[in-house]
Every structure is written in C-alpha cells, then in structure tokens.
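Each chain is listed here by its residues.
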Amino acid sequence: MAKWGMVIDLEKCVGCQACTIACGMENSRLPGEHWQDVIFFQEGEYPNTEIKWFPRPCMHCENPSCVAVCPVRATYKAEDGQVLVDWNRCIGCKYCMIACPYGVRFYTEEKATYGGPNMKQVFKSEDAHSWNPPWKMPQEDWKHGVGVQPHDVVSKCTFCYHRVSKAPKGTADLDPQNPATREYTPACVVTCPTGARFFGDLSNPDSEVNKQIAYKNGVRLLDHLGNKPQVYYLTGEGGSVPATRSLKKI
Ligand code: SF4
Ligand code: SF4
C-alpha cells in the first residue's frame, strides 16, 4: 500500500494561485470555497513588515482529528493514506470542521464569501446536487467525496482521489513531467508553473518526496498538534512555515 504525500517547496512557490484555479476546475468547486487555497499574510511589525503566502491543501493527516470526531464514520482514512468524506453517510453536523486545525473543510449550505453573486442561485440545481456548475468534472463518486457536492454535507480536498487511485500499484512518484504518470497526478501538482509541488509515496524510501524531505529539511504545519500531516513544506533559506493559527490574513 502506498502512503501518498505532498511536498511544497516554498522557495519555488510564487503565489500565483494556479493550483487553486486548477483544483476548482478539476473538482467543480464553488468560487470562494477553495479546497486548495493560497493564504496571504503579513509578518513582522510596522515598518518592518513582509507579505508572505502559503499554499494550503488538506494535510491528509496520518492521525486526523476530523476522523476521530465524526459520529457516523463518514470521514475516514482510505487504504493509501488519503482522508476522505463519504457524502452518502455525512449528516452535516460539522464536528469535523471544528476538529480540523487547518480550516480546510466546507459545509454545503454556507454561502461562499468571495464578493460575487451566489453561484448556487445563478446555476441552480434541479437534483440532489447543491449547484449546477457550467463546467463539471466527469467523475461522480460520493463514497470518496468526488463530484459536485450534494446538499448538507462537508467537503474537502481529496488529494485528487479520482486520479491518484488509478495509478499503477507500486508507483513511487506521480510526476507530471513523466508521461506515464501525468494523468494520475493531482491537478494542483500538474498545473504548478514553477514545479513547486511534488507528489509521491511516503512509505517508499526511493520516492522523490522522501528525498526532498530529507535533503531539504521538510517541515509540517502546526506539527506540535500531533495530527502528523502528510503534506511537507520545504523552507530553504528564505521560506518559513507559520507557527501559530493566529495568522494576520490580508
Ligand atoms: S487537515 Fe483537517 S481535514 Fe485534512 S486530514 Fe487533517 S484534520 Fe482532517
Ligand atoms: S459533518 Fe459529516 S463528516 Fe463531518 S463529522 Fe459530521 S457527519 Fe462526519
């Protein structure tokens, strides 16, 4: 079994948000409900301040607090390490949203705050889906939280389960530069114009993700909380990972 993980090199990330757009298109997301977000924040005291940015997907934690609290086992860990939501089971109680320290979950019936019209009204759904987007991913798999989100459930990044789960068993790296693995690679990794993202098997010592983590001192966000994220950040000389939840967002 694989243990899929992601590495994001903060020295290479230029904050362009192509990953956010790619994720939205791939997963039929509502504007403003970004499964993969880039958070901009300010560090330091005036006048010595710096604007920084930070890409933040679901961490697909090894020890996920969202799974522990779900009363109906709708949130679960798949065999290859992804943390998923079964939309057939979810009762929309939002316990998982409170338990997740990374703020990466979305409840359907909340209005996405992005400053534009309510897209659920503009593209009304006639069936169980919460909206009828003008573009749609071809896949629909509610057991794995894939497709257009239905009413009254919680959703989040799936590590592009619909792509990654089709990769041949034993694959160490899902590299968009390799024609053999590109179609299985998460959309954000494929799209990143600077190659700041890597995706591979954390349980395989030969995988590129493990090499990057080892050679460049990969760190995890809010590691002291014990969730053991399967997303690692490379900070290098210049980058940094925010150490607290109280970021001053801008
Ligand atoms: S980041 Fe949050 S939603 Fe994702 S696995 Fe961890 S606790 Fe669950
Ligand atoms: S909102 Fe759904 S996934 Fe989250 S804890 Fe409640 S039932 Fe489980």
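Definitions and cut-offs
- Residues numbered from 1 in each chain as written.
- Chains lettered and ligands numbered in written order.
- Predicted model: local features only at pLDDT ≥ 70, side-chain atom pairs only at ≥ 80, totals over all residues.
- Heavy atoms only, no water.
- Pairing = 2+ DSSP bridges.
- Helix = DSSP H or I, 4+ residues; strand = E, 2+ residues; numbered from the N terminus.
- Axes fitted to C-alpha atoms, helices over the stretch in contact; angles between N-to-C directions.
- Near = heavy atom within 4 Å.
- Nonpolar A, V, L, I, M, F, W, Y, C, P; charged D, E, K, R; others polar.
- 1 Å grid on protein atoms, 1.4 Å probe; cavity = no way out; pocket = protein on both sides within 12 Å on 5 of 7 lines; lining within 4 Å.
- Points joined across faces, edges and corners; volume = space filled by probe spheres on them.
- Buried < 20%, exposed > 50% of the residue type's maximum accessible area, 1.4 Å probe, protein only.
- Contact = heavy atoms within 4.5 Å.
- Salt bridge = Lys/Arg side-chain N within 4 Å of Asp/Glu carboxyl O.
- Phe/Tyr/Trp six-rings, centres within 6.5 Å; stacked < 30°, edge-to-face > 60°.
- Lys NZ or Arg CZ within 6 Å of the ring centre and 35° of its normal.
- Polar contact = N/O pair within 3.5 Å; in protein donor to acceptor, adjacent residues only side chain to side chain.

### Notes on the sheet that holds strand β8 (residues 197-201)
Then, in step 1: In spatial order, the strands read β8-β1-β9; together these 3 strands make up an open sheet with mixed pairing. Each end of this open sheet is capped by a strand with a single partner; those strands are β8 and β9 (231-234). On average, each strand axis in the sheet is inclined to that of its neighbour by 20 degrees, with strand direction left out of account.
Then, in step 2: Inspection of the sheet shows strand β1 (residues 4-9) paired to β8 by 5 bridges, in the antiparallel sense. Across the sheet, G5 pairs through a bridge with G200, a residue of β8.

### Regarding the site of ligand 1
Then, in step 1: Near ligand 1 there are 15 residues, and of these C58, C61, C66, C100 and R105 occur at the shortest range.
Then, in step 2: In terms of residue class, the shell around ligand 1 is made up of 10 nonpolar, 3 polar and 2 charged.

### Some words on the layout of surface pockets
Then, in step 1: By volume, the second largest pocket is sized at about 250 Å³.
Then, in step 2: Elements represented by at least two residues in the lining of the second largest pocket include exactly α6 (187-191) and β8.
Then, in step 3: In terms of residue count, β8 provides more of the lining of the second largest pocket than any other element does, 3 residues in total.
Then, in step 4: Partitioned by chemical class, the residues of the lining of the second largest pocket number 7 nonpolar, 2 polar and 4 charged.

### Describing the environment of P133
Then, in step 1: You can see P133 is positioned in the loop between α4 (119-122) and β7 (154-155).
Then, in step 2: Its relative accessible area of 2% is what places P133 among the buried residues.
Then, in step 3: Along the chain, P133 and K120 lie 13 residues apart, while their C-alpha atoms are 8.4 Å from each other.
Then, in step 4: Not counting chain neighbours up to four residues away, the residues in contact with P133 comprise S28 and V148.

### Let's talk about unusual backbone geometry
Then, in step 1: A cis amide bond links Y46 with the next residue in sequence, P47, at an omega value of 5 degrees.
Then, in step 2: Structurally, P47 can be placed in the loop between β2 (37-43) and β3 (50-56).
Then, in step 3: One non-glycine residue, H60, lies in positive phi territory at about 40 degrees.
Then, in step 4: Topologically, H60 is positioned in the loop between β3 and α2 (65-69).
Then, in step 5: Overall, H60 belongs to the buried group, its relative accessible area being 0%.
Then, in step 6: Of note, the phi angle at K228 is positive, near 50 degrees, even though the residue is not glycine.

### Looking at the pattern of salt bridges
Then, in step 1: Counting across every chain of the model gives 9 salt bridges.
Then, in step 2: The closest approach of N and O atoms between D9 and K216, which form a salt bridge, is 3.2 Å. Of this pair, D9 sits in strand β1 while K216 sits in the loop between α7 (208-215) and β9, and the two are 207 residues apart along the sequence.
Then, in step 3: On the basis of relative accessibility, which here comes to 38%, the residue K216 falls in the partly exposed class.

### Structural notes on the side chain of N27
Then, in step 1: Tracing the sequence through the fold places N27 in the loop between α1 (18-26) and β2.
Then, in step 2: Once you skip the residues sitting within four places of it in the chain, N27 turns out to touch W35, M137, G147, C160 and H162.

### Brief notes about the packing of aromatic side chains
Then, in step 1: Using the criterion set out here, one finds 6 aromatic pairs in the structure.
Then, in step 2: Both rings, one in W131 and one in W135, keep their centres 6.0 Å apart while their planes meet at 85 degrees; by these two values the pair is edge-to-face.
Then, in step 3: For W135, a relative accessible area of 26% translates into the label partly exposed.
Then, in step 4: By way of ring pairs, the aromatic residues W4, F159 and F199 are connected into one cluster.
Then, in step 5: Just above the ring of Y76 sits the side chain of K143; from NZ or CZ to the centre is 5.1 Å.

### Let's talk about the side chain of S155
Then, in step 1: Along the chain, S155 falls in strand β7.
Then, in step 2: Residue class for S155 comes out buried when judged on its relative accessible area of 0%.
Then, in step 3: A distance of 3.4 Å separates a polar atom in the side chain of S155 from a polar atom in the side chain of R29.
Then, in step 4: Contacts of S155, omitting those with residues within four sequence positions, involve R29, W35, W87, V104, R105, F106 and Q149.

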